[in-house]
Amino acid sequence: MTKNVNDWLTEHGDYLYRFALARLRDPHQAEDAVQETMLAAIKSNSFEGASSARTWLTGILKHKVIDLQRKQIREQPISDLVDLESSDTSMDDFFDASGHWLEKPQTLEMPENALQQKQFLSILNSCLDKLPSKLAAIFMMRDVHETENDNICKELNISTTNAWVMLYRARMGLRKCLEIQWLAR
Amino acid sequence: MKLMLTCKQASQIISQSLDKPLSWSDRLKLKFHLIICAACNRFNQQLHWLNTAVKRLIQATENDDTIQLSLEAKARMTKAIAARKH
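Conventions adopted
- Residues numbered from 1 in each chain as written.
- Chains lettered and ligands numbered in written order.
- Predicted model: local features only at pLDDT ≥ 70, side-chain atom pairs only at ≥ 80, totals over all residues.
- Heavy atoms only, no water.
- Contact = heavy atoms within 4.5 Å.
- Buried area = accessible area lost by both parts, 1.4 Å probe.
- Salt bridge = Lys/Arg side-chain N within 4 Å of Asp/Glu carboxyl O.
- Polar contact = N/O pair within 3.5 Å; in protein donor to acceptor, adjacent residues only side chain to side chain.
- Helix = DSSP H or I, 4+ residues; strand = E, 2+ residues; numbered from the N terminus.
- Buried < 20%, exposed > 50% of the residue type's maximum accessible area, 1.4 Å probe, protein only.
- Core = buried A, V, L, I, M, F, W, Y, C linked by side-chain atoms within 4.5 Å.
- Phe/Tyr/Trp six-rings, centres within 6.5 Å; stacked < 30°, edge-to-face > 60°.
- Lys NZ or Arg CZ within 6 Å of the ring centre and 35° of its normal.
- Patch = residues over 30% accessible without salt bridge, like charges linked within 9 Å, V, L, I, M, F, W, Y side chains within 5 Å.
- Areas by Shrake-Rupley, 256 points an atom, 1.4 Å probe, with all protein chains shown as cover.
- Disulfide = S-S within 2.5 Å.
- Expected span 1.5 Å × (residues − 1).

Comments concerning the interface of chain A and chain B
Link 1 in the chain: Contacts between chain A and chain B engage 56 residues on the former and 44 residues on the latter.
Link 2 in the chain: The junction of chain A with chain B conceals about 4,700 Å² of combined surface from both sides, 66% of it contributed by carbon and sulfur atoms.
Link 3 in the chain: It is R18, W164 and R171 of chain A in chain A that bury the most area against chain B; as a group they hold 14% of the surface buried on that side.
Link 4 in the chain: On inspection of chain A and its partner chain B, the count reaches 5 salt bridges.
Link 5 in the chain: Across the pair E62 of chain B and R23 of chain A runs a salt bridge, and its minimum N-O distance is 2.7 Å.
Link 6 in the chain: Our count for the contact surface shared by chain A and chain B stands at 16 residue pairs in polar contact (both at pLDDT 80 or more).
Link 7 in the chain: If you list the elements that add at least two residues to the side of chain A that touches chain B, you get α1 (2-24), α2 (27-43), α5 (114-130), α6 (133-145) and α8 (160-183) of chain A.
Link 8 in the chain: Looking at which element gives the most residues to the side of chain A that touches chain B, the answer is α1 of chain A, with 13 residues.

Structure follows, in structure tokens:
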């Protein structure tokens, strides 16, 4: 088994790392997730060769990634996050007192050509980095894993209202950042 | 029931609509608002588009061969695997 696991690390390690990095957005945590996946693979006898080793390992990794995302969000008391009145960020300044858009949302479109797409994705990447890390984590967890909202709340031990507020803030921040960085480039 | 939503309220309901089925009354109010408000229509499109965009970013990262485990990380893992075996 050890031989197998070492082969898997050689053959699939880089892919698994990219899979984890894409979701956790933190190199150290992504490495940890890969290592834990390999160690779990040694213990488990459930691989039967019916599916590819990569698919099987990715299945294990997914759970490790979700565990780590949960930790990313929990690192800080949730109450600090959802205090909508806290104005440490300009993210809430989207509406005037009567609830009208201060700046109307603009049309965002995926660029057609490959080079522009690459530029766009790198801007999106930097916008995700600018979000408070807990908001980015819950956004990635919800929108990427397609986790049911109820599940997120159970997993994080927070109310659904708090989850909605966090997701709302994450989306508002991201779309604004993209308008600024992408449309005004 | 107040039928008219502000844009702020509408934007919150639009975000929630990505996470859960809306209540009958929220759905109705949102429908009404979207008929008259181009800005919130664009916001709605933005949020759906944002999901697609992030999924593309993830795919692009997964397929980017230039991103690799460092040699140190691989060595550390090989060691941890050997230790676990014995």
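Additional details are given in the paragraphs that follow.
Brief notes about the pattern of salt bridges
Link 1 in the chain: What the rule picks out here adds up to 10 salt bridges over all chains.
Link 2 in the chain: Between E31 of chain A and R76 of chain B there is a salt bridge, with the nearest N and O atoms lying 2.7 Å from each other. A residue pair is termed interchain when its members come from two chains, as with E31 of chain A in helix α2 and R76 of chain B in helix α4 (residues 71-85).
Link 3 in the chain: Since its relative accessible area comes to 42%, R76 of chain B is described here as partly exposed.
Link 4 in the chain: Taking the shortest distance from any N to any O, the salt bridge between K176 of chain A and E179 of chain A comes out at 3.4 Å. A residue pair is termed a helical-turn pair when its members lie 3 or 4 positions apart in one helix, as K176 of chain A and E179 of chain A do in helix α8 at 3 residues.

Let's talk about the nonpolar core
Link 1 in the chain: Membership of the largest hydrophobic core comes to 56 residues, with the highest contact counts inside it found for W101, F120, L124, I138, F139 and L178 of chain A together with C40 of chain B.
Link 2 in the chain: Of all the secondary-structure elements, those providing two or more residues to this core are α3 (53-74), α5, α6, α7 (149-156) and α8 of chain A together with α1 (7-17), α2 (24-36) and α3 (38-63) of chain B.
Link 3 in the chain: Counting residues in each nonpolar core, the second largest holds 31 residues, with A30, V34, L39 and A41 of chain A among its members.

Some details on the packing of aromatic side chains
Residues and elements named next belong to chain A.
Link 1 in the chain: All told, the structure shown has 6 aromatic pairs over all chains when counted by the stated rule.
Link 2 in the chain: Ring centres 4.5 Å apart and planes at 40 degrees place the aromatic pair F95 and W101 in the tilted group. The pair F95 / W101 is uniform in exposure class, with both members buried.
Link 3 in the chain: Here R23 stacks its cationic end above the ring of F19, 3.6 Å away from the centre of that ring.

As for the environment of A163 of chain A
Link 1 in the chain: Here A163 of chain A shows up in helix α8.
Link 2 in the chain: Assessed through its relative accessible area of 1%, A163 of chain A is described here as buried.

Quick notes on a nonpolar patch on the surface
Residues and elements named next belong to chain B.
Link 1 in the chain: A contiguous nonpolar surface patch, about 370 Å² in accessible area, is contributed by M4, I35 and I36.
Link 2 in the chain: For I35, the location among the structural elements is in helix α2.
Link 3 in the chain: Residue classification places I35 among the exposed positions, given a relative accessible area of 70%.

A closer look at the state of the cysteines
Link 1 in the chain: All told, the structure shown has 1 disulfide over all chains when counted by the stated rule.
Link 2 in the chain: In this model C127 of chain A forms its disulfide with C177 of chain A; the gap between the sulfur atoms is 2.1 Å. What sets the handedness of the C127 of chain A and C177 of chain A disulfide is the S-S torsion sign, and at about -80 degrees it is left-handed. Placement of C127 of chain A in helix α5 and of C177 of chain A in helix α8 is noted, with a sequence separation of 50 residues between them.
Link 3 in the chain: When its relative accessible area of 2% is taken as the criterion, C127 of chain A is described as buried.
Link 4 in the chain: The structure places no disulfide on C37 of chain B, whose sulfur is separated from the nearest cysteine sulfur, that of C40 of chain B, by 3.7 Å.
Link 5 in the chain: Residue class for C37 of chain B comes out buried when judged on its relative accessible area of 11%.

Quick notes on unusual backbone geometry
What is expected of a backbone is that most residues other than glycine have negative phi and most peptide bonds are trans.
Link 1 in the chain: One non-glycine residue, R25 of chain A, lies in positive phi territory at about 60 degrees.
Link 2 in the chain: By the secondary structure assignment, R25 of chain A is in the loop between α1 and α2.

Topic: α2 of chain A
Link 1 in the chain: Taking 1.5 Å of rise per residue, 17 residues should cover 24 Å, and α2 of chain A covers 25 Å from first to last C-alpha, within 8% of that figure.
Link 2 in the chain: For α2 of chain A, the set of buried residues is Q29, A30, E31, A33, V34, T37, M38, L39, A40, A41 and I42 of chain A.

By themselves, these observations are geometric and do not establish any function.
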